[in-house]
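Architecture and fold: a report
Each chain, written out:
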Amino acid sequence: MSLLEKSADSTATWVDDRLGSSNFVRRSLNKVFPDHWSFMLGEIALYSFIILLLSGTYLAFFYDPSMREVIYNGSYIPLKGVAMSQAYATTLEISFDVRGGLIMRQIHHWAALLFMASIVVHLARVFFTGAFRKPRELNWVIGSLLLILGIAEGFAGYSLPDDLLSGTGARIAYSIAMSVPVVGTWSAFLLFGGEYPGTTIIPRLYALHIFVVPLAILGLITFHMMMIWYQKHTQFAGPGRTENNVIGSRLYPVYAAKAGGFFFLVFAVTAALGGLAQINPIWLYGPYDPSQVSAGSQPDWYVGFLDGSTRLMPNWEFRGLGHTVAFNVIVPTVVLPGILFTLLIAYPWLEARFSGDHAYHNLLDRPRNHPVRTAIGTMSLSFYVVLMIAGGNDIIAHVFKVSVNQTTYVLRAACFIVPPLVYVITKRWCLGLQRADEELVHHGIESGTIRRLPSGEFIEETVPLAVPHRIMLTGVESDAPALAGPTAHGAEGQPKGPGYGDAHEVGAGGGGKRERVRGFFMEKRSDSTTAAARPEATLPERELEKTVD
Amino acid sequence: MSTPMDPQGGRTGGAPTPGAQSTGGQTPTNEPIGGQSSFDAAGSVRDRLRSPGPQSSGGDTRGSAINEGDFEQSDSRADLHEGGRDERQLSASRTPEAAEIQEPRTEDIDPAAAKAAERLVSALFVMSFLGVVGFIVTYIFAPFQYGVEDGNQAYTPLLGIFMMMALGGVGAGAVVWAKRLMPDEEAVQERHPFGSDPDERSATGQALKEGLGQTQLPRRSLLRNTVLLGAGSLALLPVPLLFSFGPFQHKERVLRETSWRQGVRLIRQNGTPVNRDDMQLGGIESVFPDVPRGTKAADSAVLLIRMRPEELRSEQAEGWSVDGYIAYSAICTHLGCPVKLYEQQTHHLLCPCHQSTFAADRGCEVLFGPAARPLPQLAISVDDEGYFVAQGDFDQPVGPSYWERNPTSSYGRDV
Amino acid sequence: MRTSSGRLSRLIPYVVVLLGLTLVGGLYTAFLAPQSSATEAPDAGAQSMAVKAGRDLYLQGCSTCHGLNLEGGAGGPALQGVGASAVVFQVESGRMPLANAGPQADRKKPQYSVAEVDQLAAYIQANGGGPQLPSLDNAELTDGDLQEGGELFRTNCSSCHNFAGAGGALTYGKYAPRLEPASARVIYSAMQHGPEQMPRFSDGQLSEEEKKAVTYYVRYITRAAQPGGSDLGKFGPVPEGLVIWLVGIGALVIATLWIGNRA
C-alpha cells in the first residue's frame, strides 16, 4: 500500500470514528451520474456562481457603497479633481490603485454574464428534453426563480459603481416603479428614499446585492442540488437505460474529476475574459450626473429583452379621470415579464394538463419526438431573441449603417411574425427528423451498395442499425420497435399512456375537446406508412455483432 | 440479490480497469473478460446479445456470455451495502453495478498509450504550475499603474493569461486524467421509487391527525379564532418598518415642482450664465437653474436650443421663446433619460435610451418612439443684462408619467 | 463500428460553434476594429502662394458642384462664409469630395494632403471669410486639461458620440460618427462650425481653451491603450453580451462536448 492509499484508508477511519458516516459516504461516493455533454450546462451556472462569490468577496473589501460626494485623487488622470460619489471613487480605486483589482472586477462581471447565460442554456436543455416533468416540477420552479433572482442580482450589481451608464439604468428602474398604477410613486419613493436620485439607493442595492439576494440564490441552489441528488439525474434512452436506473460514471473518482476539472475550465474562461476583454470600463463612462447620458446606453444582456420590449412598444398612455397610466412603460416592463415568467414557472403543469401525461419520467425526450413542445420552446426563444436584438437596435443601426427607425419597425413586425414562423418550421422539422429516424430504424443505413434485381429494378442495400443506436432512437429495447413518441413510460418502464404510439389515434378517438387538445399536443408522425415495409423482426445475430458500437 | 464475494476478486473479475488501476501498473488487459460487453438490466438487450450462446472470450468482446455472478460482484464497494446499517435505504436503492459495455480504450490495452496519457496530464499540471508562478511574479513585480508609463496596460491581460494557464491546466489535466486513465466504466444504479409505501403514508397522515386532535384545535373554536388573530397579525408587524424607507412626502408636489422660478437665470454646468449673444444658430446648451445645487437636481436639466426664428413653427404657448431661443426640459417623458441629441437641420431631439424622437421646432411633439408626451417647454425671457431667465416653473410635471399625475389640471405656473 | 453519419452528426455542434466564432471575428474586424488614420504634418507657405495654389485645387476638384466663385450649384451648397474651419473638417476627414448622396457624407480616405487642405482653406477663407481655426497643429496638441475636457465631453458630446467617441445612431439613418479617425483639427472644427446635423458650439459657449480641452480628451480616450484588454469597440454592454454568448458559452459548450464525449 502506498502512502496515498494508506492515508485514504486512515482518513475514512478517522472520520467514521467521529461521525459514523461511512455508510453515507460510501453510498455517496458510489452515486452514479449519467454522462452527456448537455448535462454539464447547469454546472457552468453553479461554477460561475462560485466564481462570483470568490471575486465578489475580494471586491467587497475595497468598495464603499456611499453616495457621499468626494473629489477624486486616484491615479486615473482624466478624472483627477472631478467630483463624484464615494461608490464611484472606490470602484475607480479597485480598477487603478489595487493590484489585480481590475482583473477581479472584470472576472466578476464576466462571471455574472456567464452565470445568466448558462442559466438560460441550461433552462433550454431542461425544457427541450422534458426534464421538468414529474417528479422534477419543483426543481423547474426553483430554476426559474434562480433565473429571476439572477436578473435582480445582476441589475443591483450593475448599479453599484454609480457611473454614468449604471445611473441611467437606475433612473429607468425608478421611472418604471413610478409608472405602476396606485402604488407606483409610493414604492419608488420607498426604494429610493424620496425623489430620484436621493442618497440611499446605492447602499440599499449593496445590501441586496451582497447579502439578501445571494443568500436566496445560495439557498435555492442548495435545494436544487439536493433534489438532483435525491431524485437522481435524468438520462437519455440507450442500451440498458430504463426509467428505473441510471447509467454513467460514479461520483468518485471519475465524475468528481470531470466535474472538478470542468470547474477550473469555467474559471479559466472567465479569467481569460477578465484579463483579455475589457468589460464595463467605468472610467470611460464617467461619474453619474443626472443631466448627462451616453449614446448607446444599454443594460447588461440579460435585461436586454426588457429594454428591447420598451423600445418596440408604441407610445400608448391613458390620461383621464385625474390620473395617468403609462401603458408604454408598464406593458413592456411589468406586464410582459410578469406573463413570461408566470408561463415559464407554470409550464410543467400546463403541459401535464394538456397532454394528460402525469407519469413519472426519468428518461428524457429527444426534442424531435415531442414536436409541439419543441416548437413552443423555439417559438418562445425566438420571441425573446427578437426583444433582445431590439434592445440593441441603435448599436445595430450604427454598426450596420441602417436607419434606427427602420430597424425598430422591422423588429416590431418581427415580434409578431417570427415566433409563429419559427413554431411552424420547428414542428415540420421535428416531424421530418422523426421520418428520418423511422427510415433508419426500419430500413437501416444506406450502405452505398446498389444491387440490380432480376426484374431490372435497382435497389440500394441497407445495413441494419447498430443496436445501441436503435435503442437511442426508439427508446425501447424491443426488436420491432415503433418509434418512441413523447416518452410516456409508466412506472415499470413499459411504454404506455397517451402519446405513446400514434397520437392521431388519440385525437381521432373523438373523446371531446380535451382529447383533441391532447392529441394535438402529443402529435407525432404516423407510423402506418412504413409499418408494412418493416424488415424481419429479429435481426440476424451476425449482423448485430458487427454493428454493436 | 448479490452474493458477498472476495472484494479483490470481484473487482478484477467484473471491471478490469479499476483492478488495473489499483495494482498501480498498466498491465495490458487485451484479454476481454466475460461481462464486459453486457448491459445491466435484466432486459431484452442482454438477452438478445446473449442469444447466440456462450462463446469463448477470445478476441470477440461482443455477444459474449454474461456471467451473472461476475456481473453482480463487479463492484466490491457496492457489495458492502448488504452489510450496511440502513436497511430501508437498501431496499430502496439497489447496489450500483459496474459493467463495461464499451470497447477497451487504447490506454487500457496499450501501456505506451497510457504512459502518453500520463505524460499529457503531467504536462498540463506543470503548465498550471508555471501559470501560478507567472501570476505571482506578475502580480508582485510588474508595474501596474495605468497611464504612468507605457506598457502598464499589459498588466491585467498578463494576469489573465497566467490565471487562465493556472486554472486551465488543472482543469484540462483533471479531465484528460479522468477520460484516459480512470476507469472507463458505465456504472448502473437503480433508482428508488419516490413514494413511500401506502402503510407509511397512512400512518403519517394518521399521526398528523392525531396530533391535531391533541391540540384540541378542531373542537375549541375560540382558541382557533384567536390563534388565527394573534399569529396571523404577526405578519403585519414588519409592515410599518417599510415606511422608514422613504419619506412621507406630498408626492404630487415634490414630483410637480422643479427648481425653476420666475427670474432664475439659466446657467451652464460650470455656473456661468448664458447670454443671448453666446450661441450661434444651430447651437445647443445644457442649462440649469441658478439656485443652490441647481446643476445637481435631477429634474431641472433643460436644453436651450437656438434656431432661426422663422424655423420655429410652433411652441407650447405664445411668448415662451426668445428670438428662436427655445428651452425644453431635458428629462424624457418616457423613462427620464436626458434628451440631448439635437439635429440642428431637422430639429429632431432624440432620446438615446429608447429612441423617442421629438420635433423641437413644433413644440416638441412626439415623432417616433415610446414617449407619449412632448418634453415640457420652459418659458424663458431675457433680463436687463441680456442673460436668459425663466418665466417660472414648468406648467406640468417633468419626466415620466405616474399615477397621481393629473392630466387635466392646468398646474398653474408658480409665478 | 460507428456509422459515418453518426460521426458527422457528432461533429456538427463543433462546426456550428466554430462557424459562429469565425463570423464574430469577421464582424469584429469589419465593423469594430479600429482603423488607422493618416498622420499629418502641416506646413503653410506664404499666404498668397497658398491662396493661389488653393484656387487651382478648388477649380480642379470642387468647382463642378460648388461653382466657379463659391456660389454653389445643383450639386453643392455655396461656400461663401463657411470659412477655413469647414474646409478642414470636410476635406481633411475625406468627406469631400463627396462620393455619393446619402443621409449624410461619410468619412473616406482623404484625397488631399494636409498641405493641400491648408491651401484650399486659405482660398475659401480669402474669398468669403467665416470661422477660422486657431493655429492648431495636429501633432502639437499633446497636452491639455483632460479633466475639464472630460466633463465638457460628457455634458455636450457623449449623448451623440457615445461615452468613448465610438459614435451612435441618430434618427432616420443619420449617425454621429466614430471619433477615433478624426484628427485634432477635424474635431475642433466640427465643434466650431457644426457640420450637418451637429450643433454648433460657438466661442461664447465653449472658449478656444475649452474646445482644445475637449479635443485633447477625445484624442486621449480614442487612442490611449485600455488597461483591461481588448476594448470590444467601446460600445458598452451589447458587444459584451455577444462575447459572453459566442466566446464564453461557445468555449464552454465545446468543453462539455469534449468532456461528455466518451473516448
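What counts and how
Residues numbered from 1 in each chain as written. Chains lettered and ligands numbered in written order. Predicted model: local features only at pLDDT ≥ 70, side-chain atom pairs only at ≥ 80, totals over all residues. Helix = DSSP H or I, 4+ residues; strand = E, 2+ residues; numbered from the N terminus. Buried ≥ 20, exposed ≤ 12 C-beta atoms within 10 Å, placed from the backbone. Contact = placed C-beta atoms within 7 Å. Nonpolar A, V, L, I, M, F, W, Y, C, P; charged D, E, K, R; others polar. Pairing = 2+ DSSP bridges. pLDDT = per-residue confidence, 0-100. Axes fitted to C-alpha atoms, helices over the stretch in contact; angles between N-to-C directions. Parallel < 35°, antiparallel > 145°, perpendicular 65-115°, else oblique. Left-handed = near helix turned anticlockwise from the far one by under 90°. Expected span 1.5 Å × (residues − 1).

1. Comments concerning the overall build of chain A
If you tally the helices and strands in chain A, you get 21 helices and 8 strands. In chain A, which comprises 549 residues, the share counted as buried stands at 54%. If you take every contact in chain A between residues at least 6 apart in sequence, the share linking residues at least 24 apart comes to 70%.

2. Considerations on the interface of chain B and chain A
In this complex, chain B contributes 87 residues to the contact, which on the side of chain A involves 93 residues. Looking at the side of chain B that touches chain A, the elements that each hand over two or more residues are helix H3 (44–50), helix H5 (76–79), helix H9 (155–180), strand S2 (186–190), helix H13 (251–256) and strand S10 (365–368) of chain B. Looking at the side of chain B that touches chain A, its residues break down into 51 nonpolar, 23 polar and 13 charged. Looking at chain direction, strand S4 (residues 245–250) of chain A and S2(B) are connected through 4 bridges and run antiparallel. In the strand pairing of S2(B), Gly248(A) is matched with Ala187(B).

3. Topic: the interface of chain C and chain A
In this complex, chain C contributes 58 residues to the contact, which on the side of chain A involves 62 residues. Of all elements in the fold, only helix H1 (4–32), helix H6 (146–156), helix H7 (158–161), strand S1 (168–169), strand S2 (175–176), helix H9 (208–223) and helix H10 (237–260) of chain C reach the threshold of two or more residues within the side of chain C that touches chain A. Tallying contributions element by element places H10(C) first for the side of chain C that touches chain A, with 17 residues. Partitioning the side of chain C that touches chain A into residue classes produces 28 nonpolar, 23 polar and 7 charged.

4. Let's talk about the pairing of strand S6 (residues 325–329) of chain B
All names here are of chain B. Taking burial as the measure, the 5 residues of S6 include 5 buried ones, the bulk of the element. Sheet analysis places strand S5 (residues 302–306) next to S6, joined by 5 bridges and oriented antiparallel. Looking at the pairing, Leu-304 lines up with Ala-327 of S6. Two elements, S6 and strand S11 (residues 377–378), share 2 bridges in a ladder whose sense is antiparallel. Note that in S11 the partner of Tyr-328 across the bridge is Gln-377.

5. Details of the confidence of the model for chain A
All names here are of chain A. For chain A, per-residue confidence averages 86 on the pLDDT scale, and 87% of positions sit at 70 or higher. Here residues 484–511 is modelled with pLDDT under 50, and outside its nearest four sequence neighbours on either side it reaches 70 contacts, counting other chains as well. Predicted confidence is poor over residues 526–549, with pLDDT under 50, and the contacts of this stretch with residues over four places away or in other chains come to 38 contacts.

6. What about the pairing of S5(B)?
Residue and element names in this part refer to chain B. Counted residue by residue, S5 has 5 buried out of 5 residues, so it is predominantly covered. Of the two faces of S5, the one lined by Val-302, Leu-304 and Arg-306 and the one lined by Leu-303 and Ile-305 are each fully buried. Direction of pairing for strand S4 (residues 284–289) relative to S5: antiparallel, over a ladder of 4 bridges. Its bridge partner being in S5, Val-287 is matched across the sheet by Val-302.

7. A short note on the packing of helix H8 (residues 184–193) of chain C against H9(C)
All names here are of chain C. For the pair H8 and H9, interaxial distance at closest approach is 9 Å and the crossing angle is 135°. The angle between the axes of H8 and H9 places the two elements in the oblique class. Two packed elements cross with a definite hand, and for H8 against H9 that hand is right-handed. Across the interface between the two elements, Ala-184, Ile-187, Tyr-188, Met-191 and Gln-192 from H8 touch Lys-211, Val-214, Thr-215, Val-218 and Arg-219 from H9.

8. Here's the deal with helix H4 (residues 83–92) of chain C
Residue and element names in this part refer to chain C. Buried residues dominate H4, accounting for 10 of its 10 residues. What H4 keeps buried is the set Gly-83, Ala-84, Ser-85, Ala-86, Val-87, Val-88, Phe-89, Gln-90, Val-91 and Glu-92. Considering only its buried residues, H4 is in contact with helix H5 (114–126) and H8. Once H4 ends, the next one or two residues include Gly-94, with phi positive near 85°.

9. Description of the sheet that holds S5(B)
Spatially, S3-S4-S5-S6-S11 (chain B) is the arrangement adopted by the 5 strands of the open sheet, whose pairing is antiparallel. Both edges of this open sheet fall to strand S3 (266–267) and S11 of chain B, since each of them pairs with a single strand only.

10. Looking at the sheet that holds strand S9 (residues 357–359) of chain B
Residue and element names in this part refer to chain B. Pairing is antiparallel in the open sheet, where 4 strands are placed in the order S7-S8-S9-S10. Each edge of the open sheet carries a strand with a single partner, namely strand S7 (341–342) and S10. Relative to strand S8 (residues 348–350), S7 is paired through 2 bridges, and the arrangement is antiparallel. Of the residues in S8, the one forming a bridge with Tyr-342 is Leu-349.

11. Quick word on helix H3 (residues 41–60) of chain A
For H3(A), spanning 20 residues, the distance from its first C-alpha to its last is 29 Å, which sits close to the expected 28 Å at 1.5 Å a residue. Among the residues of H3(A), those classed as buried are Leu41(A), Gly42(A), Ile44(A), Ala45(A), Tyr47(A), Ser48(A), Phe49(A), Ile51(A), Leu52(A), Ser55(A) and Leu59(A).

12. Brief notes about the environment of Val176(B)
Residue and element names in this part refer to chain B. By secondary structure assignment, the location of Val-176 is in helix H9. Judged by the 21 C-beta atoms lying within 10 Å of it, Val-176 falls in the buried class. For the pair Val-176 and Ser-321, spaced 145 residues apart in sequence, the C-alpha separation works out to 75 Å. The contact partners of Val-176, leaving out residues within four places of it in the chain, are Ala-117, Leu-120, Val-121 and Leu-124.

13. Re the environment of Pro281(A)
Mapping Pro281(A) onto the fold places it in the loop between helix H10 (251–276) and helix H11 (282–285). Note: C-alpha distance between Pro281(A) and Ser294(A) (13 residues apart in sequence) is 13 Å.

14. Side note on unusual backbone geometry
A cis amide bond links Tyr252(A) to the next residue, Pro253(A), at an omega of 5°. Relative to the helices and strands, Pro253(A) resides in helix H10. The residue after Met96(C), namely Pro97(C), is reached through a cis peptide bond having omega -5°. Mapped onto the secondary structure, Pro97(C) falls in the loop between H4 and H5. The phi torsion at Gln216(B) lies on the positive side, around 65°, for a residue other than glycine. Mapping Gln216(B) onto the fold places it in the loop between helix H10 (198–215) and helix H11 (221–233).

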